[in-house]
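Structural characterization, general
Each chain is listed here by its residues.
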Amino acid sequence: MPNPIIKQFVVEGSTAFPVTMLNTDQCWPARAADAAAIVDHTSDSDTRRKIILATAAKYAPNRLGWIAAGWRVID
């Protein structure tokens, strides 16, 4: 079985990270810093965070799902 091609995409948001979208999009944080950024959120902060996620090439991010969760796919 050939190895899947891994693609990355970036999501941006300022609310709590929608962890359920990791399962929905079958993706994971691309780097340790991205994993840390997922849990590093203060409720009174309005700071936008950009998080790089990775997925197998056959999966595309569900842009409407991210928007519904208060985040957006930017790359």
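One can find the structure itself at the top, above this paragraph.
Description of the structure in this document. (Residues numbered from 1 in each chain as written. Predicted model: local features only at pLDDT ≥ 70, side-chain atom pairs only at ≥ 80, totals over all residues. Heavy atoms only, no water.)

**A few points about the side chain of Arg49**
Mapped onto the fold, Arg49 is located in strand β3 (residues 49-56). For Arg49, a relative accessible area of 10% corresponds to the buried category. Among the polar contacts made by the side chain of Arg49, one reaches the main-chain carbonyl oxygen of Thr15 at a distance of 2.6 Å. With residues near it in sequence (within four places) discarded, Arg49 still touches Val11, Glu12, Gly13, Thr15, Ala16, Phe17, Ala37, Ile38, Asp40, His41 and Trp71. (Helix = DSSP H or I, 4+ residues; strand = E, 2+ residues; numbered from the N terminus. Buried < 20%, exposed > 50% of the residue type's maximum accessible area, 1.4 Å probe, protein only. Polar contact = N/O pair within 3.5 Å; in protein donor to acceptor, adjacent residues only side chain to side chain. Contact = heavy atoms within 4.5 Å.)

**Some thoughts on the nonpolar core**
By size, the foremost hydrophobic cluster in this structure holds 13 residues, and its most contacted members are Phe9, Val11, Phe17, Ile51, Leu53, Trp66 and Trp71. Of all the secondary-structure elements, those providing two or more residues to this core are β1 (6-13), α1 (20-24), α2 (32-39) and β3. If near-sequence neighbours (up to four positions away) are discounted, Phe9 is found in contact with Asp25, Cys27, Ile51, Ile52, Leu53, Thr55, Pro61, Trp66, Val73 and Asp75. (Core = buried A, V, L, I, M, F, W, Y, C linked by side-chain atoms within 4.5 Å.)

**Looking at the packing of aromatic side chains**
Overall, the coordinates contain two aromatic pairs when judged by the stated rule. With a centroid separation of 5.2 Å and an interplanar angle of 80°, the aromatic rings of Phe17 and Trp71 are classed as edge-to-face. Here the residue Phe17 occupies a position in the loop between β1 and α1, and Trp71 occupies one in the loop between α3 (63-68) and β4 (72-73), the gap between them amounting to 54 residues. Members of the aromatic cluster, connected to one another through ring pairs, are Phe17, Trp66 and Trp71. (Phe/Tyr/Trp six-rings, centres within 6.5 Å; stacked < 30°, edge-to-face > 60°.)

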